[in-house]
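# Residue-level structure breakdown
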Amino acid sequence: MKNGEQTYANHRRMHPLFHYVFSLLALILLVASIVELIRSLQSGDQLLPSFLFLLISIIVIIVFLLIRTYPLKAQDRAIRAEENLRHYVLTQKLLDSRLTVGQIAALRFASDEEFPALCQKAADGQWSSDTIKKSIKSWRNDDYRI
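These remarks concern the structure in this document. In this text the structure is predicted, and so the values were computed from the model without any measurement.

This next bit is on the pattern of salt bridges. What the rule picks out here adds up to eight salt bridges. Where aspartate 112 meets arginine 86, a salt bridge forms, and the shortest distance between an N and an O atom there is 2.7 Å. Here the residue aspartate 112 occupies a position in the loop between α3 (101-107) and α4 (115-125), and arginine 86 occupies one in helix α2 (residues 47-91), the gap between them amounting to 26 residues. A residue is classified by how much of its surface remains accessible, and arginine 86, at 10% relative accessible area, is buried. With a shortest N-O distance of 2.8 Å, arginine 98 and aspartate 124 are connected by a salt bridge. Of the two residues, arginine 98 is situated in the loop between α2 and α3 and aspartate 124 in helix α4; the sequence distance between them amounts to 26 residues.

In helix packing, the relevant descriptors are the interaxial angle and the interaxial distance, both defined with respect to the helix axes. Remark: α2 packs on α4, axes separated minimally by 10 Å, with the N-to-C direction vectors making an angle of 115 degrees. On the basis of the axis angle, α2 is roughly perpendicular to α4. In terms of crossing hand, the pair formed by α2 and α4 is left-handed. Residues Glu83, Arg86, His87, Leu90 and Thr91 of α2 pack against Phe115, Pro116 and Cys119 of α4. A per-class count over the contact of α2 with α4 returns four nonpolar, two polar and two charged.

Reading the values: the criteria
- Residues numbered from 1 in each chain as written.
- Predicted model: local features only at pLDDT ≥ 70, side-chain atom pairs only at ≥ 80, totals over all residues.
- Heavy atoms only, no water.
- Salt bridge = Lys/Arg side-chain N within 4 Å of Asp/Glu carboxyl O.
- Helix = DSSP H or I, 4+ residues; strand = E, 2+ residues; numbered from the N terminus.
- Buried < 20%, exposed > 50% of the residue type's maximum accessible area, 1.4 Å probe, protein only.
- Axes fitted to C-alpha atoms, helices over the stretch in contact; angles between N-to-C directions.
- Parallel < 35°, antiparallel > 145°, perpendicular 65-115°, else oblique.
- Left-handed = near helix turned anticlockwise from the far one by under 90°.
- Contact = heavy atoms within 4.5 Å.
- Nonpolar A, V, L, I, M, F, W, Y, C, P; charged D, E, K, R; others polar.

Distances and angles like these do not, on their own, reveal function.
If you want it as structure tokens, here you go:
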């Protein structure tokens, strides 16, 4: 974070244009297309324009979901590689193979001092990412998140 220290309370990143504006507009488009299709069915109007409107809104929703999913998958791969390297530098061992990508993504916020021990505890206890984040005492900022 550019404005200060990252913590459990402020580590989530929301992009207003995507999370609020785009999602709201996509939802409005979907609802409007369903309403228009129902109106066309009830009035006996041509169904093709209403059906195409619904189809376009479904395509927009799918694109909306993919726009978020693809970069997050790429980011997860980078985080896994970075944290595996960090663990190796600190311990001369690779990360425990029992750790999931979600756990590793949560562990990236841990300081170097507590990172190896938290990795072991998370693997042994199969901690959730939320449990891991709540266990971090000294947070390490991640300013490059998508």
